[in-house]
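If you want the building blocks of each chain, they are given just below.
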Amino acid sequence: MARAKCASGKAFIMFVAWRELRFARGRFLLIGAVVALITLLVGFLSGLTGGLAAQNISSVLQLPGDRLVLQQSEDSDASFATSSLDDDTLQAWEQADGVESVTPVGIAQSRAAASGTDDRIGVALYGLPQDASGIGSNPLFDLTPTHDGEVGLSSGAAEDLGVAVGDTISITGNDFTVTMVGEDLWYSHTPVIVMTPDAWSEASTRVGGTGEATVLAITGDADWEAIGPGTGTVAETPLSSLTALEAFQSEIGSLGLMIVMLFGISALVVGAFFTVWTMQRAGDIAVLKALGATTGSLVRDSLGQALIVLTAGISVGLAAVAGLGSLAGQALPFVVSPLTTLAPAVVMAVLGLAGAAFALRSVTKADPLTALGSNR
Amino acid sequence: MIELQNITLTFPDGDNRITAVDHITLRGGNGTVTGITGPSGSGKSSILAVAATLIRPDSGGVLIGNDSDTIDAAQLSKSDATALRRERIGIVFQQSNLLPALTAREQLQVMARLGGGTKRTRKAKIDARVEELLDAVGLTEHAGKRPHQLSGGQRQRIAIARGLVHEPEVLLVDEPTSALDQERGAEIMQLIARLTRERGTATLLVTHDLVHRDVLDDLVTVIDGRITAPDAAVPAHTH
Ligand SMILES: Nc1ncnc2c1ncn2[C@@H]1O[C@H](COP(=O)(O)OP(=O)(O)OP(=O)(O)O)[C@@H](O)[C@H]1O
Ligand SMILES: [Mg+2]
């Protein structure tokens, strides 16, 4: 009707939907609680995944450069644990076209104890050059000591060893003075200790390594694919190199699968709930249509209702994740960050809405004719 | 005023079609209640459905409005028909068809909130009329109750108030007394007749119970989708 063309909309939205929420609050509380619980589960798994991942890779993510070069072993994929790059390989990369800088990095796992004690803990030893070029402030490289008899500790290592700056620790029989304690950095679930290249080389041979660099952090824009095979190496982006960390893929993969399945379950549960709920009030929807409600406003109301339920449920779930997460953080590797809380929450909301949208068919299809007569 | 002109409506029935309404012409004047009666299955509800634009007839016109300004509701698009129902037609169903989550007062307020870009002034006008109509149907005291807390008669009265709160030109009522006892039924019929006259609404009312015929200004009998003979015996009301 021409006389109804003036738009104002907003003020009328959700009049019925809000009242239905209050009227059927038992049912909505139930589904809200389910959403909250799934959010809690997803948040927990995400936090745990994030925590485990950080314990595994946080130091590797600090390696600077456009590519990380690892030894390409003959029969298996490249691996941080077995990679060993000799001087020829280093030089080959240094001289390759397009390569700007090459930083050789040694990584080995060993054990350490505060001097005078026997409490050994597993640690990751990094051998880093003093003058790594082109690196600004970097939590890993900032730990690099100036002398061979010195080490820089990540906070996790300092804590586990119970030492502070000025104390000495023993690694593979040698004593080192702690000159620095920095950020929390981990490699393959062991806290990081940084030493000079020479000290590292010696330690490496003592634990059965070659004493040669494990990985080259390279900046520049070279023909990565071409140079690699000629030198028996493979150049990976920092992110894809993570698969060369043992257990990373399997850990993250299985937890990730659980999270994905929970997402699917929540979409299904929310979808099923709103499908049943919408079918229950199909008669009311037909009446509203007969009275002159537009399908658009009914759809908006339905989605709005779902959004309210989801928002409430997810918020409660998130609050629980934040609360319990900080508790769990004391006992487990657990990360509470936007990536492990807000991102899954947004995915939950989007999938929940998609589930609710599934129920909209009964709204759009409802025939106002059925409101008339006695066939309700 | 509402005028059905030569309306025919068929429904699919297997390979054939059954004719629910067969060339019906019917006029409901302003301020009058026109009764439609007939046996079950004769097509009474179908006539109302066509008048309400809930279904489009196979042929014929549904004129709504007054002399200079009439429209043929049978020709409207779906969304225009929805807007027409929202603004110019009131419907009272056989069951009260109230929304379980809303209080009696909210059942009326919802008429101002059906979407479709309703004008703000119109909304304010409807809201202002809510109390008046609750009073007119005698339910001001029960305005805060939900349908399950109201009796059948009270529910039907709320439904009537809802049908009128937006000041429709046409009120369509389908068997409003079928769920009520005789006394309650008579009250409802009188209420409809009174409000129709007070508000100048053109009311079409389906009933198969002729106990209440005295409140009708006019009565047609439908058999097999056709109007038999206009009931001349209904005494004309003076008003
Ligand atoms: N949606 C529909 N689909 C198919 N046939 C229908 C439909 N609605 C009504 N009919 C048929 O149209 C005819 C008229 O039905 P209608 O409901 O108009 O009768 P009625 O006079 O209102 O009956 P009652 O007094 O029992 O309410 C009947 O034969 C019925 O079966
Ligand atoms: Mg009927």
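In this text the structure is predicted, and so the values were computed from the model without any measurement.

Scoring rules and cut-offs
Residues numbered from 1 in each chain as written. Chains lettered and ligands numbered in written order. Predicted model: local features only at pLDDT ≥ 70, side-chain atom pairs only at ≥ 80, totals over all residues. Heavy atoms only, no water. Patch = residues over 30% accessible without salt bridge, like charges linked within 9 Å, V, L, I, M, F, W, Y side chains within 5 Å. Areas by Shrake-Rupley, 256 points an atom, 1.4 Å probe, with all protein chains shown as cover. Salt bridge = Lys/Arg side-chain N within 4 Å of Asp/Glu carboxyl O. Lys, Arg positive; Asp, Glu negative; His and termini not counted. Charge placed at Lys NZ, Arg CZ, Asp CG, Glu CD. Helix = DSSP H or I, 4+ residues; strand = E, 2+ residues; numbered from the N terminus. Pairing = 2+ DSSP bridges. Axes fitted to C-alpha atoms, helices over the stretch in contact; angles between N-to-C directions. Contact = heavy atoms within 4.5 Å. Buried < 20%, exposed > 50% of the residue type's maximum accessible area, 1.4 Å probe, protein only. Polar contact = N/O pair within 3.5 Å; in protein donor to acceptor, adjacent residues only side chain to side chain. Domains from an automatic or database assignment. Buried area = accessible area lost by both parts, 1.4 Å probe. pLDDT = per-residue confidence, 0-100. Near = heavy atom within 4 Å. Nonpolar A, V, L, I, M, F, W, Y, C, P; charged D, E, K, R; others polar.

On the surface, a cluster of negative charge is made up of A:D86, A:D87, A:D88, A:E94 and A:E212. Looking at the element boundaries, A:E212 is found in the loop between helix 5 (197–206) and strand 9 (215–220).

Turning next to the sheet that holds strand 2 (residues 16–28) of chain B. Residues and elements named next belong to chain B. In spatial order, the strands read 2-1-4-5; together these four strands make up an open sheet with antiparallel pairing. At either end of the open sheet lies a strand with only one pairing partner, and these are strand 2 and strand 5 (69–72). Ignoring strand direction, the axes of neighbouring strands in this sheet form an average angle of 25 degrees. The sheet contacts of helix 1 (residues 44–51) involve strand 1 (2–13), strand 2 and strand 4 (59–66), and relative to strand 1 the element is tilted by about 115 degrees.

Residue and element names in this part refer to chain B. Along the chain, R113 turns up in the loop between helix 3 (104–109) and helix 4 (120–136). What makes R113 buried here is its relative accessible area of 14%. A polar contact is formed between the side chain of R113 and the backbone oxygen of Q109, at a distance of 2.8 Å. Within the structure, R113 has its side chain in polar contact with the side chain of D127 (distance 3.0 Å).

Attention now goes to unusual backbone geometry. With phi around 45 degrees, A:T172 is a residue other than glycine that occupies positive phi space. Along the chain, A:T172 turns up in the loop between strand 5 (168–171) and strand 6 (174–181). The backbone of B:D224 shows a phi angle near 50 degrees, a positive value even though the residue is not glycine. Looking at the secondary structure, you find B:D224 in the loop between strand 9 (218–223) and strand 10 (226–227).

Residues and elements named next belong to chain B. The six strands are arranged 6-7-8-3-9-10 in an open sheet whose pairing can be described as mixed. The open sheet terminates on both sides in strands that have one partner only, identified here as strand 6 (89–92) and strand 10. Sheet analysis places strand 3 (residues 32–37) next to strand 8 (residues 202–206), joined by five bridges and oriented parallel. Its bridge partner being in strand 8, G35 is matched across the sheet by L205.

The next point concerns the domain arrangement of chain A. By convention, interface size is frequently given as the accessible area that disappears when the constituent parts associate. All names here are of chain A. Each assigned domain of chain A is listed here: domain 1 (12–55 + 249–371) and domain 2 (64–237). Here the C-alpha centre of domain 2 lies 46 Å away from the C-alpha centre of domain 1. Across the contact, four residues belong to domain 1 and five residues belong to domain 2. Summing the contributions of domain 1 and of domain 2, the shared interface buries around 350 Å²; its carbon and sulfur component is 42%.

Further remarks concern the confidence of the model for chain A. Reading fine detail from the predicted coordinates is not recommended where pLDDT is low. When pLDDT is averaged along chain A, the result is 87; 94% of the residues meet or exceed 70. Segment residues 1–11 of chain A is flagged for pLDDT under 50; beyond a separation of four residues in sequence, or across chains, it makes 23 contacts in the model.

All names here are of chain B. Residues in contact with ligand 1, as listed here, are F11, I18, A20, P39, S40, G41, S42, G43, K44, S45, S46 and E175. Here an oxygen atom of ligand 1 and a side-chain polar atom of S40 are 2.5 Å apart. Isolated, ligand 1 exposes 630 Å² of accessible area, and the fraction of that covered by the protein chains is 62%. At the level of elements, strand 2 and helix 1 are the ones that each hand at least two residues to the shell around ligand 1. For the shell around ligand 1, the per-class residue count stands at four nonpolar, six polar and two charged.

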